[in-house]
Amino acid sequence: MTLQRLAVFFIGVSVGFLGGLFGKGGSAIATPLLSLIGLPGFVAVAAPLPATVPGTMIAALAYSRSRLLDWELTAWSVAIGLPATLVGAYLTNYTGERPLLLLTGLLVFGFGVSFLVRHIQPQGAVTPAEEQSHAQPSDEAPEGEPRGLRSLLARGSSPRPSYWRLRLVLVAGGIGLVSGLLANSGGFLLAPSYVRIMHLPLKRAFASSLVVSMVLAIPGTVMHAHLGHIDWWTTAILALGSVPLSYVGARVAIAADARILERAYGVLLTLLGGYFLIQLLWNG
């Protein structure tokens, strides 16, 4: 195994753990790291996408067993995000690789900063989302509530903001389009959007983001494979490293304090996005 392939394996280990920990497939983290070790731009962008599917599935199962999934929001996100992802993936045929990499870095950095700024508050203060994030939903529907599919979709959902379906259409459609363009399955955009726009508690946002990311990664993978953007050796080595650590990351997140998790999330994205942008501009 060459040094570069060994580096790809350890990138897989890192993104598997961080993907499970922070509720995303991990390709948004893998892309800048793969670029930094010298892989071509389109390979760095597209190869991680299929590698995230098995690890994301395992991490999502861990969250599901803790009953942290918002099924209604997840179902709507998939229905809206899938066609938008296909459109975005197709449009990569008309874009250069450098704009895609720059956009990846800008989005990672921007969300990291916004997450940190959002949680600057007096010491000891706890946001409503943090309080809800520790609550565990009941397995049973409340007395008098309908059961079956309707009960399943509603179970575990937090109080809905006004016009939440309109907000969800804009979030899922916009992120699906960007996900197709960047081949990152949307997880790193979905979780903060669910928290900030849809008012979902952090751990539920991570859980729902993982499921949606897993589904959105499939059509994106098919489209990018058709366009010849995927190096399957890189994909296989990434998956070998990431799959076992995805479950570990999810279990750590489920047990972690929500406030610490949120701050760590913001710091990680800010540092990664900033470093990647500096490297791109320096080598530009």
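Report on the accompanying structure. Bear in mind that the values here come from a model prediction, so they are computed numbers and not experimental data.

About the thresholds
- Residues numbered from 1 in each chain as written.
- Predicted model: local features only at pLDDT ≥ 70, side-chain atom pairs only at ≥ 80, totals over all residues.
- Heavy atoms only, no water.
- Helix = DSSP H or I, 4+ residues; strand = E, 2+ residues; numbered from the N terminus.
- Buried < 20%, exposed > 50% of the residue type's maximum accessible area, 1.4 Å probe, protein only.
- Areas by Shrake-Rupley, 256 points an atom, 1.4 Å probe, with all protein chains shown as cover.
- Axes fitted to C-alpha atoms, helices over the stretch in contact; angles between N-to-C directions.
- Parallel < 35°, antiparallel > 145°, perpendicular 65-115°, else oblique.
- Left-handed = near helix turned anticlockwise from the far one by under 90°.
- Contact = heavy atoms within 4.5 Å.
- Nonpolar A, V, L, I, M, F, W, Y, C, P; charged D, E, K, R; others polar.
- Phe/Tyr/Trp six-rings, centres within 6.5 Å; stacked < 30°, edge-to-face > 60°.

**Here we look at the overall build of the protein chain**
1) Next: Check the secondary structure of the protein chain and you find 13 helices and zero strands.
2) Next: When the helices and strands of the protein chain are read in sequence order from the N terminus, they spell out α-α-α-α-α-α-α-α-α-α-α-α-α.
3) Next: Residues counted as buried form 53% of the 284 residues belonging to the protein chain.
4) Next: Roughly 12,400 Å² of accessible area belongs to the protein chain as shown, and the carbon and sulfur atoms make up 68% of that amount.

**Topic: the packing of helix α1 (residues 3–22) against helix α13 (residues 258–283)**
1) Next: Running from N to C, α1 and α13 point in directions that differ by 135°, and their axes come no closer than 11 Å. Here α1 lies oblique to α13, going by the angle between them. Considering only the axes of α1 and α13, their crossing is left-handed. When α1 is examined against α13, the residues L18, L21 and F22 are found in contact with a partner set consisting of L261, A264, Y265 and L268.
2) Next: Taken together, the residues of the contact of α1 with α13 sort by class into seven nonpolar, no polar and no charged.

**Observations regarding the environment of L181**
1) Next: Mapped onto the elements of the fold, L181 is located in helix α9 (residues 164–182).
2) Next: Its relative accessible area of 17% is what places L181 among the buried residues.
3) Next: In the structure, L181 is positioned 77 residues away from T104 in sequence and 9.7 Å away in space, judged by C-alpha atoms.

**Describing the packing of aromatic side chains**
1) Next: On inspection of all chains with the given rule, the structure shows four aromatic pairs.
2) Next: Relative to F10, the ring of F9 lies with its centre 5.4 Å away and its plane at 75°, an arrangement referred to as edge-to-face.
3) Next: F9 sits in the partly exposed class, given a relative accessible area of 23%.
4) Next: Looking at F10, the relative accessible area reads 49%, which means it is partly exposed.
5) Next: Here the aromatic rings of F206 and Y265 are separated by 5.2 Å at their centres, their planes lie at 85°, and the arrangement is edge-to-face. Linking F206 in helix α11 (residues 202–226) with Y265 in helix α13, this pair joins segments that are 59 residues apart in sequence.
6) Next: Judged by relative accessible area, which is 0%, F206 ranks as buried.
7) Next: On the basis of relative accessibility, which here comes to 0%, the residue Y265 falls in the buried class.

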